[in-house]
Amino acid sequence: MNKLAFSLVLGKIGIALVTLMIVSFAVFFATAFLPGDVTEILLGQSATPEAVAGLRHAMNLDQPAIFRFFLWIGGLIQGDLGVSYANNMPVADLIGSRFANSMKLAAATTLFAVPIALTTGILAAMFEGSLFDRMVTVTSITLISVPEFLVATIAVLVFAVYLKWLPAIVTVSEVRSFGEVLRVYAMPVIVLTFVISAQMIRMTRAAVIGTLKTSYVEMALLKGASRCRMVLRHALPNALGPIVNAVALSLSYLVGGVIIVETIFNYPGIAKLMVDAVATRDLPLVQSCAMIFCVAYLLLITLADIISIIANPRLR
Amino acid sequence: MASIASVFQRYGYRFNRLGLCAAIVILFWIMVALFAPLILPHPVGKIVDYDFYGPVSSAFPLGTDYLGRDMLSRILMGTRYTVGISVVAVFLACSIGVCLGMTAAVTGGWFDTIFSRLMDALNSIPSKLFGLVVVSGVGSSIPALIMTLTVIYAPSSYRFARSLSVNVNTMDFITVARTRGEGTFYLIISEIFPNILRPVLADFGLRFVFIVLLLSGLSFLGLGVQPPHADWGALVRENVGGLSYGAPAVIFPSLAIASLTISVNILIDNLPQKIRDRS
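First, a word on scope: everything that follows refers to the structure included in this document.

Parameters at a glance
For every chain, the first residue of its written sequence is number 1, and the numbers climb from 1 along that sequence. Going through the entries in the order they are written, you letter the chains from A and number the ligands from 1. For a predicted model such as this one, the threshold for reporting local features is a pLDDT of at least 70, and the threshold for listing and counting side-chain atom pairs is 80 or more; totals across whole chains, interfaces and linings nevertheless cover every residue. Only hydrogens and water are removed before side-chain values are computed, so all heavy atoms of the structure are retained for them. Helix and strand assignments follow DSSP, with helices taken as H or I runs no shorter than four residues and strands as E runs no shorter than two, numbered in order from the N terminus. Each residue is placed in one exposure class: buried if its accessible area under a 1.4 Å probe, protein chains only, is under 20% of its type's maximum, exposed if it is over 50%, and partly exposed if it falls in between. With residues, only the protein chains shown are counted as cover, and all accessible areas are computed by Shrake-Rupley using a 1.4 Å probe. Residue contacts are counted whenever heavy atoms from the two residues lie within 4.5 Å of one another. A 1.4 Å probe defines the accessible area here, and the buried area is the portion of it lost by two parts on being joined, summed over both. Whenever a carboxyl oxygen of Asp or Glu lies within 4 Å of a side-chain nitrogen of Lys or Arg, that contact is scored as a salt bridge. Any pair of N or O atoms that falls within 3.5 Å is considered a polar contact. Within protein, one atom must be able to donate a hydrogen and the other to accept it, and sequence-neighbouring residues count only if both atoms are side-chain atoms. Under the scheme applied, nonpolar residues are Ala, Val, Leu, Ile, Met, Phe, Trp, Tyr, Cys and Pro; charged residues are Asp, Glu, Lys and Arg; polar residues are all the others, including Gly. Within 6.5 Å between ring centres, the rings of Phe, Tyr and Trp (the latter by its six-membered ring) count as paired, and their orientation is classed by plane angle as stacked under 30 degrees, edge-to-face over 60, tilted in between. Helices are assigned an expected span. That span is 1.5 Å times one less than the residue count. Two axes define the bend at a residue: one fitted to the seven residues ending there, one fitted to the seven starting there, and the bend is the angle between them. Here a patch means residues that are over 30% exposed by relative accessible area and free of salt bridges, tied together within 9 Å if like-charged and within 5 Å if nonpolar (Val, Leu, Ile, Met, Phe, Trp, Tyr). To get an axis, fit a line to the C-alpha atoms, keeping to the stretch in contact for a helix; angles then go from 0 to 180 degrees between the N-to-C directions. Here the angle decides the label: under 35 degrees means roughly parallel, over 145 means roughly antiparallel, 65 to 115 means roughly perpendicular, and every other value means oblique. A crossing counts as left-handed when the near helix is turned anticlockwise from the far one by less than a right angle, and as right-handed when that turn is clockwise. By nonpolar core is meant a set of buried Ala, Val, Leu, Ile, Met, Phe, Trp, Tyr and Cys residues that side-chain atoms within 4.5 Å join together.

1. Overview of the overall build of chain A
Thinking step 1. Counting its regular elements, chain A contains 12 helices and zero strands.
Thinking step 2. What you see in chain A, going N to C, is helices and strands ordered as α-α-α-α-α-α-α-α-α-α-α-α.
Thinking step 3. Every one of the 316 residues in chain A was classed for burial, and the buried ones make up 46%.
Thinking step 4. For chain A, the exposed area adds up to about 15,800 Å²; of that, 69% sits on carbon and sulfur atoms.

This is how it looks when you write it as structure tokens:
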């Protein structure tokens, strides 16, 4: 890696850190705007003013918001996620096992979706304008323009109601054999794959078509290289940066998709936990879950940026 | 339909069939949103059928919901919430985003740098997650929902408008106007805005789709429009129990959302070149 690439990478990491700071600021203040007071929620309408004042002091609510922000962020860095309002348990304990569940779901989807989407995207680009290409384009536009829960409901209707192949509701605790694992994960993974591949296919296709139009690919064609060699050897390495970016961006759709999918299939993951926390206005839990998602998202984006810098042949 | 197309052609706009169909679907939903109370076959909240999750019949063209209420009436009224909230939110988000974007591009300097950094950071929060966070803070009354959607989509609109304005800003006529001694406000209103209007309008449509999807998603999670009112997403949520019977009450609101969002996307893809181009 040369000096220029190195400084670019450092710059990306710096930007990611600044962004993370602003994001945590936004997350904290969006949830601090609560109309009425948290203490009223905790103690109920009939609480005495003394009790309210005492709790406010104990929770540092009588301090300025900016002070509470630094207190909160300091706690996060040390791994102290705060205490849930709803059941008085440490947030870290609530999140622990569920985080692993969500990661499993995300990993399974990634392993499944990325190869399928990349192959489809590259094939569609190779045969641009063919019937296959047009079908892929129409299907992916349709999938992008409908809400995730529609994809999920249609999948349930088809696979669970009409075909009766798969169960509609996931119960992770009952999983014992490999066959059961497949049955349990199939539905959520299928739905998530549809949700994230559509975008990935479109972006991969656009990136490959873009490089296929460059003069060095035309040169390869004139030189007599086969179509396969032209795409795989000459076009693909140059489209790698945009493709990696496409994959990372699409994986970030996973965040949105996972929120819907975990809810609809009752999957005990961190997104379901967060949705429930929003419904009960359990702010420390919401804040922690949001920060976990944001960090994961920023990591993906920054990683993609770094890979596309390293993959760029002109920067080596 | 061909005659309508020829009218547009006379004015130099070329619409194709697909784009025209999409425009008609969108117009249909706008009309429904405006005149819903006048065309309801049954009162929205009234239980009219003894059976729940009723099938499609002549009395209830789209079946009945989980309480035996007429689905057609509920979808027609739901249009008001889905389309109404989304239109207001997209209008606010785009106005704020475009105004700030143009200002940042023309002013440049530290204002531009700080603002762009800030907006990029907000942009990097996934929209659904951002929605959950804001809703947990401000609740889900209709004004709060509009505010939430505006806050979430203003940054991306800002980014789009700014990048367009930066390109326009380097043109000769801007330099001429500056030399003439025109102020920032004049530059923005008379020189930049007319030149970015068309792509901004196309972007307005896309942003509208995103907002409809996010609003439906939030309502589906039970965090959007609250009962007794229901938008299309909330209708799907209410009746999701009928999914295992394949009830029409789940399918039709979903189809309504899909028809609207797909139509807007198709319309934008098939807009006459004259409107879509960045020139």
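Read on for the rest.
2. Structural notes on the interface of chain A and chain B
Thinking step 1. Each partner contributes residues to the interface: chain A has 43 residues there, and chain B has 37 residues.
Thinking step 2. With both chains or domains summed, chain A and chain B bury close to 3,300 Å², and 80% of this area falls on carbon and sulfur atoms.
Thinking step 3. One can count one salt bridge joining chain A with chain B.
Thinking step 4. For Glu148(A), the salt bridge is made with Lys128(B), and the minimal N-O distance between the two is 2.6 Å.
Thinking step 5. At the boundary of chain A with chain B, the tally comes to three residue pairs in polar contact (both at pLDDT 80 or more).
Thinking step 6. Going through the elements one at a time, α1 (3–32), α6 (131–145), α7 (148–162), α10 (227–264), α11 (270–279) and α12 (283–311) of chain A are the ones with two or more residues in the side of chain A that touches chain B.
Thinking step 7. Considering every element that reaches the side of chain A that touches chain B, the biggest residue donor is α1(A), with nine residues.
Thinking step 8. Here the side of chain A that touches chain B is composed, by residue class, of 34 nonpolar, seven polar and two charged.

3. Quick look at the packing of aromatic side chains
Residues and elements named next belong to chain B.
Thinking step 1. Under the definition given, this model contains eight aromatic pairs over all chains.
Thinking step 2. Ring geometry for Tyr153 versus Phe210: centroids 6.2 Å apart, planes at 15 degrees, classification stacked. Here Tyr153, found in helix α6 (residues 142–169), pairs with Phe210, found in helix α8 (residues 184–220); they are 57 residues apart in sequence, far enough to count as distant.
Thinking step 3. For Phe210, a relative accessible area of 32% corresponds to the partly exposed category.

4. Overview of α8(B)
Residues and elements named next belong to chain B.
Thinking step 1. In a regular helix each residue adds 1.5 Å, so 37 residues correspond to 54 Å; α8 covers only 44 Å between its end C-alpha atoms and thus falls short of that length.
Thinking step 2. Taking the largest bend as the criterion, α8 deviates by roughly 55 degrees, centred on Phe193, and proline Pro194 comes between one and four positions later.
Thinking step 3. One or two residues past the end of α8 sits Gly222, with phi positive at roughly 85 degrees.

5. Observations concerning a nonpolar patch on the surface
Residue and element names in this part refer to chain B.
Thinking step 1. On the surface, Leu27, Ile30, Met31, Leu34, Phe35, Leu38 and Ile39 cluster together into a nonpolar patch covering about 700 Å² of accessible area.
Thinking step 2. By the secondary structure assignment, Leu38 is in helix α2 (residues 17–39).
Thinking step 3. Using a relative accessible area of 71% as the deciding quantity, one classes Leu38 as exposed.

6. Remarks on the packing of α8(B) against helix α10 (residues 248–269) of chain B
Residue and element names in this part refer to chain B.
Thinking step 1. At their nearest, the axes of α8 and α10 sit 9 Å apart, and the two run at 160 degrees to each other. Comparing the axis directions of α8 and α10 gives the class roughly antiparallel. Here α8 and α10 pass one another in a crossing that is left-handed. Mapping the contact onto sequence places Ala202, Gly205, Leu206, Phe208, Val209, Val212, Leu213 and Ser216 in α8 and Ile257, Leu260, Thr261, Val264, Asn265 and Ile268 in α10.
Thinking step 2. A class-by-class count of the residues in the contact of α8 with α10 yields 10 nonpolar, four polar and no charged.

7. Points about the pattern of salt bridges
Residues and elements named next belong to chain B.
Thinking step 1. Applying the stated rule across the entire model yields 11 salt bridges over all chains.
Thinking step 2. Here Asp120 makes a salt bridge to Arg117, at a shortest N to O gap of 3.8 Å. Taken together, the residues Asp120 and Arg117, both in helix α4 (residues 109–123) and three residues apart, mark about one turn of the helix.
Thinking step 3. Residue Arg117 is classed as partly exposed on the basis of its relative accessible area of 28%.
Thinking step 4. Here the salt bridges do not stand alone but share partners, grouping Arg69, Arg74 and Glu238 into one network.

8. Concerning the nonpolar core
Thinking step 1. Among the nonpolar cores identified, the biggest contains 138 residues, and Met274(A) and Leu132(B) are the most heavily contacted of them.
Thinking step 2. Tallying contributions element by element places helix α8 (residues 178–212) of chain A first for this core, with 14 residues.
Thinking step 3. Apart from the residues within four sequence positions on either side, Leu132(B) is in contact with Ile259(A), Met274(A), Val275(A), Val278(A), Leu218(B), Leu221(B) and Leu223(B).
Thinking step 4. Core analysis: the next-biggest nonpolar cluster, separate from the first, contains 13 residues, Val106(B), Val168(B), Ala177(B) and Val200(B) among them.

Everything listed here is a matter of geometry and, on its own, says nothing about what the molecule does.
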